[in-house]
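Geometric and topological summary
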Amino acid sequence: MKATDNPKVTRAPSLPLVWVVPLLALAIGSWMILREYLNHGPEITIEFANAAGVVAGKTVLEYKGVTVGEVQNVELDKDLKVVEVRVRLNKDAAALAREGAEFWIVHPEIGLSGVSGLETLVTGAYLAIQPGLGPPASEFKGKEQAPPPLNKELGRAFLLQSNKLGSLTTGAPVEFREMKVGEVEASQLSDDSTRVLIRIRVYTPYVDLVRTNTQFWNVGGLSLKLGLLGAQINTPSIESLFQGGIAFATPDGDLAPPALDNTQFILNNEAPGDALKWQPKIPVHTPENAPPPPIHSGQIPFVH
Amino acid sequence: MKNSHLVSRKKNLSRASALALAAAIMLVPANLLPVLYTQNAGKIRTDTIFSGIVGLCQEGWWVLGVIVFIASILIPLLKLLGLAWLLIVAQRGPDGRARPLTRLYVVLNIIGRWSMLDVFLVTFLSGVVQFGLFAKAEPRIGIAAFAAAVVLTVMATEAFDPHVLWEHPAGASSPSSAK
């Protein structure tokens, strides 16, 4: 037969197909290991005075609403004074851990100025971070409260001097014509304890309302005036009734230049007599066409 | 006849060696990577096989730790080493130790299946321990590598034909090589 006369001779392949299996195993194995070690970012330790609501393996670290790390471990310090929270950062978020970074725990908070952290009622507390600018670091001290936004885009900060704090609390409104245009950020005693320093922040579109000759006064609480011709009750907005509040107005006449960041003002206890009649025309910039904020190199006078 | 037999013998050894090599490769991620994530009343652990054994011993579960050590580290390692030995000997041809080697093969075949204990443990834990906030167990990628290593070892053992221990590789020289 022809077929047997010329048998087709084939050699068994020197490397049979089955050797693909170890190659495949090598590829998959190295991929697994690479993936594991590439995903690991640095580990940082944060000290908190109180870590209520922080659960290892469950609580996450968020930055701008994005999860950038996970709490690995929560334990008391050796002398039982502080809680050490160990957080593993994601690889892509490693750059957040720099000296000066601030950490705080976000709990749900319900106040007159609004509800914040409501989602934490369901999800549990989470850690938040405001990145620092210093060299990379791995040990931090946590804050009790969220630090005030340092973001220059959010407006301009001004310092008010007052002889008493009154009912002003952090977050109390700063009003212009009874419209909220800013808020109280922090307060503390002056160095010689003769005055109270209050830092307020006026939001971006309204920053130009504050001129160098602007008058500030405290609007917290009710004021009641009894006279022969009747009684007069002055109420501020409901919000400032409870939280205290600050109002300001700029006198008529030649418009003074806009006040720069951290300009100091006196906080009056009462409105200047004719303040409500002042009507200088001040253009208000929307965030889109706002002029760039003035560059100021000085540091912020005090940090809460 | 003889030729086809030779080819099949060569194929047989090659197949078993390839699978054994693949199993050995998979053992590396299986032992390096975490296999199990557990969360128990706020305590979180991500364990590799070895750290799991250490953890068991530290918490006083000596017996369990030893069992897991034997099933998950010792047996896979010994089995692969034994198989490697068999493959090397088979490559050279019979040297009069065919009987004990065959016995070794039988033992390897029997104990190999117990390596799946770890995979079973992780699967079982992940399925049963799901109490939301309080206790949770989840498998991690290492267990997949481990399962692959065990399955590949079993396949390699199956692929290895103990007959080759009794045969001369040349085939022609010995009449006893005929099946």
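One can find the structure itself at the top, above this paragraph.
What counts and how
- Residues numbered from 1 in each chain as written.
- Chains lettered and ligands numbered in written order.
- Predicted model: local features only at pLDDT ≥ 70, side-chain atom pairs only at ≥ 80, totals over all residues.
- Helix = DSSP H or I, 4+ residues; strand = E, 2+ residues; numbered from the N terminus.
- Buried ≥ 20, exposed ≤ 12 C-beta atoms within 10 Å, placed from the backbone.
- Contact = placed C-beta atoms within 7 Å.
- Nonpolar A, V, L, I, M, F, W, Y, C, P; charged D, E, K, R; others polar.
- Pairing = 2+ DSSP bridges.
- Axes fitted to C-alpha atoms, helices over the stretch in contact; angles between N-to-C directions.
- Expected span 1.5 Å × (residues − 1).
- Bend = angle between axes of the 7 residues up to and from the residue.
- Core = buried A, V, L, I, M, F, W, Y, C linked by C-beta atoms within 7 Å.
- Parallel < 35°, antiparallel > 145°, perpendicular 65-115°, else oblique.
- Left-handed = near helix turned anticlockwise from the far one by under 90°.

**Notes on the overall build of chain B**
Within chain B one finds six helices and three strands. For chain B, the residues scored as buried account for 33% of the 179 residues in total. For chain B, contacts bridging at least 24 residues in sequence account for 74% of all contacts bridging at least 6.

**Focus: the interface of chain A and chain B**
Contacts between the two partners involve 16 residues from chain A and, on the opposite side, 21 residues from chain B. Here the side of chain A that touches chain B gets eight residues from one element, more than from any other, and that element is helix H2 (residues 20–39) of chain A. For the side of chain A that touches chain B, the per-class residue count stands at twelve nonpolar, three polar and one charged.

**A short note on the sheet that holds strand E17 (residues 246–249) of chain A**
Residue and element names in this part refer to chain A. Judged by pairing direction, the barrel is mixed, and its seven strands sit side by side in the order E10-E13-E12-E11-E17-E14-E18 before closing back on the first. Averaged over all adjacent pairs, the angle separating strand axes in this sheet is 35°, with direction ignored. Where strand E12 (residues 179–189) meets strand E13 (residues 196–202), seven bridges bridge the pair, whose relative direction is antiparallel. Pairing of Leu-189 across the sheet is with Val-196, part of E13.

**Section: the sheet that holds strand E8 (residues 126–130) of chain A**
All names here are of chain A. Sheet architecture is closed into a barrel: seven strands sit in the order E1-E4-E3-E2-E8-E5-E9, paired in mixed fashion. Averaged over all neighbouring strand pairs, the angle between strand axes comes to 35°, with direction disregarded. Of the strand pairs in this sheet, strand E2 (residues 60–63) and E8 are connected by two bridges, and their pairing is parallel. Across the sheet, Leu-61 pairs through a bridge with Leu-127, a residue of E8.

**Topic: helix H6 (residues 141–159) of chain B**
Taking 1.5 Å of rise per residue, the 19 residues of H6(B) would be expected to cover 27 Å, and the 27 Å separating its terminal C-alpha atoms lies within 8% of that figure. Restricting attention to buried positions, one finds in H6(B) the residues Gly142(B), Ile143(B), Ala145(B), Phe146(B), Ala147(B), Ala148(B), Ala149(B), Val150(B), Leu152(B), Thr153(B), Ala156(B) and Thr157(B).

**Considering helix H3 (residues 62–92) of chain B**
All names here are of chain B. The terminal C-alpha atoms of H3, which comprises 31 residues, lie 43 Å apart, in line with the 45 Å expected from a rise of 1.5 Å per residue. Leu-74 marks where H3 bends most, by close to 35°; the proline Pro-76 follows one to four residues later. Here H3 has its buried residues at Val-68, Ala-71, Ser-72, Ile-75, Pro-76, Lys-79, Leu-80, Leu-83, Leu-86 and Ala-90.

**Notes on the nonpolar core**
Formed by 44 residues in total, the largest nonpolar core has its most connected members in Ala20(B), Ala22(B), Ala23(B), Met26(B), Phe146(B) and Ala149(B). Contributions of two or more residues to this core are made by H2 of chain A together with helix H1 (2–32), helix H2 (49–58), H3, helix H5 (117–128) and H6 of chain B. Take this core: its biggest share by element is 13 residues, from H1(B). Excluding its chain neighbours within four sequence positions, the residues that come into contact with Ala20(B) are Leu80(B), Leu83(B), Ala84(B), Leu87(B) and Ala156(B).

**A look at the pairing of strand E1 (residues 40–48) of chain A**
As a general feature of sheets, a regular strand has side chains that alternate between the two faces. All names here are of chain A. As defined by bridge partners, E1 adjoins strand E4 (residues 83–90) across seven bridges and the pair is classed as antiparallel. Note that in E4 the partner of His-40 across the bridge is Asn-90. Across three bridges, E1 lies against strand E9 (residues 139–143) in parallel orientation. When the bridges of E9 are listed, Ile-46 appears paired with Phe-140.

**Regarding the packing of H2(B) against H3(B)**
Residues and elements named next belong to chain B. Here H2 crosses H3 at 160°, and the two axes come no closer than 7 Å. Judged by the angle between their axes, H2 and H3 are roughly antiparallel. Two packed elements cross with a definite hand, and for H2 against H3 that hand is left-handed. Contacts between H2 and H3 involve Ile-49, Gly-52, Ile-53, Leu-56 and Cys-57 from the first element and Trp-62, Leu-64, Gly-65, Val-68, Phe-69, Ser-72 and Ile-73 from the second. A per-class count over the contact of H2 with H3 returns nine nonpolar, three polar and no charged.

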